[in-house]
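Structural description and commentary
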Amino acid sequence: APAAEHEAVPDDDGILATLPDDSLVAVEVLRKQYPKSPSAGAYPAVFVSQVYSLVRSRTTVDRELDQAAKDKRIRMLRVPGHPTDGFLRAM
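Below you will find a few notes about this structure. Keep in mind that what you see is a predicted model, and the values were worked out from it rather than measured. Position numbers for residues count from 1 along each chain, tracking the sequence in the order it is written. Per-residue local features of the predicted model are confined to residues with pLDDT of at least 70, and side-chain atom pairs are confined, for both listing and counting, to 80 or more; whole-chain, interface and lining totals are unaffected and use all residues. Side-chain metrics in this entry use all non-hydrogen atoms of the structure; hydrogen atoms and water are not considered.

Numbering of helices and strands runs from the N terminus, with a helix taken as a DSSP run of H or I at least four residues long and a strand as a DSSP run of E at least two residues long. Tallying secondary structure elements over the protein chain gives four helices and three strands in all. In the protein chain, the succession of helices and strands from N to C terminus is α-α-β-α-α-β-β. Burial classification: accessible surface area is computed with a 1.4 Å probe over protein chains only, and a residue below 20% of its type maximum counts as buried, one above 50% as exposed, and the rest as partly exposed. Among the 91 residues that make up the protein chain, the fraction classed as buried is 24%. Expressed as a percentage of contacts within the protein chain between residues at least 6 apart in sequence, the contacts between residues at least 24 apart total 49%. Areas reported here follow the Shrake-Rupley algorithm with a probe of radius 1.4 Å; residue values treat only the protein chains shown as occluding. Split by element, the accessible area of the protein chain, about 6,800 Å² in all, is 56% carbon and sulfur. Contacts between residues were defined by any pair of non-hydrogen atoms, one from each residue, lying within 4.5 Å.

Only buried residues count toward a nonpolar core. Its members are Ala, Val, Leu, Ile, Met, Phe, Trp, Tyr and Cys residues joined through side-chain atoms within 4.5 Å. If you look at the biggest cluster of nonpolar residues, it comprises 14 residues, and the most contacted ones within it are V27, V46, V51, V61, L65, I74 and L88. Mapped onto this core, the elements with two or more residues apiece are α2 (22-33), α3 (48-54) and α4 (58-70). Tallying contributions element by element places α2 first for this core, with four residues.

Moving on to the sheet that holds strand β1 (residues 46-47). With antiparallel pairing, the three strands of this open sheet are ordered in space as β1-β3-β2. Taken across any chain shown, the strands that pair with only one partner, and hence form the sheet edges, are β1 and β2 (74-79). Here the rule is simple: two strands pair whenever DSSP picks up at least two bridges between them. Where β1 and strand β3 (residues 82-90) come together, two bridges link them in antiparallel fashion. Bridge assignment links F47 to a residue of β3, and that residue is F87. Axis angles are defined between N-to-C directions and span 0 to 180 degrees, where every axis is a line fitted to C-alpha atoms and, for a helix, only to the segment in contact. Seen against the sheet, α4 touches β2 and β3 and runs at an angle of roughly 115 degrees to β2.

Quick look at the packing of aromatic side chains now. Planes of paired rings set the category: under 30 degrees apart is stacked, over 60 is edge-to-face and the rest tilted, where pairs are Phe, Tyr or Trp rings (Trp by its six-membered ring) whose centres lie within 6.5 Å. Across all of its chains, the model carries one aromatic pair by this definition. Either the NZ atom of lysine or the CZ atom of arginine qualifies as a charge over a ring when it sits within 6 Å of the ring centre and within 35 degrees of the ring normal. Positioned above the aromatic ring of Y52 is the side chain of R58, whose terminal nitrogen or guanidinium carbon lies 3.9 Å from the ring centre.

A few words on α4. Here α4 contains 13 residues, and its C-alpha end-to-end distance of 18 Å stays within 8% of the 18 Å for a straight helix at 1.5 Å per residue. When α4 is considered as a whole, its buried residues turn out to be T60, V61, E64, L65 and A68. Projected down its long axis, α4 shows its buried positions confined to an angular sector of 120 degrees, all on one face. The outward face of α4, more than 90 degrees from its buried face, is lined by the exposed residues T59, R63 and K70. Taken together, the buried residues of α4 touch α2, α3, β2 and β3. K72, located one to two residues past α4, shows a positive phi value of around 60 degrees. Helix span, expected: 1.5 Å multiplied by one less than the number of residues in the helix. Directions drawn from the helix axis to the C-beta atoms are what define this arc.

Bear in mind that shape data such as this cannot, by itself, settle questions of function.
Here you go:
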């Protein structure tokens, strides 16, 4: 039998696990739209409401951003006076 028949082929779950979350892709898209500013630090902050505008499901955004914060990939901060919105920064 040819060697190609015995090569490991990744399953769909393995391939999907390597793709980034929709919410984190949206964060990167938003970050790339704004220039870096020395007064704002290395990277600009992104509002959660901006991510909501790019991803269809708010529940998905909340779940993915919460997990990314637990994994220390982003840092989420609340905006005083705006209990339903916050901003985040990539770590």
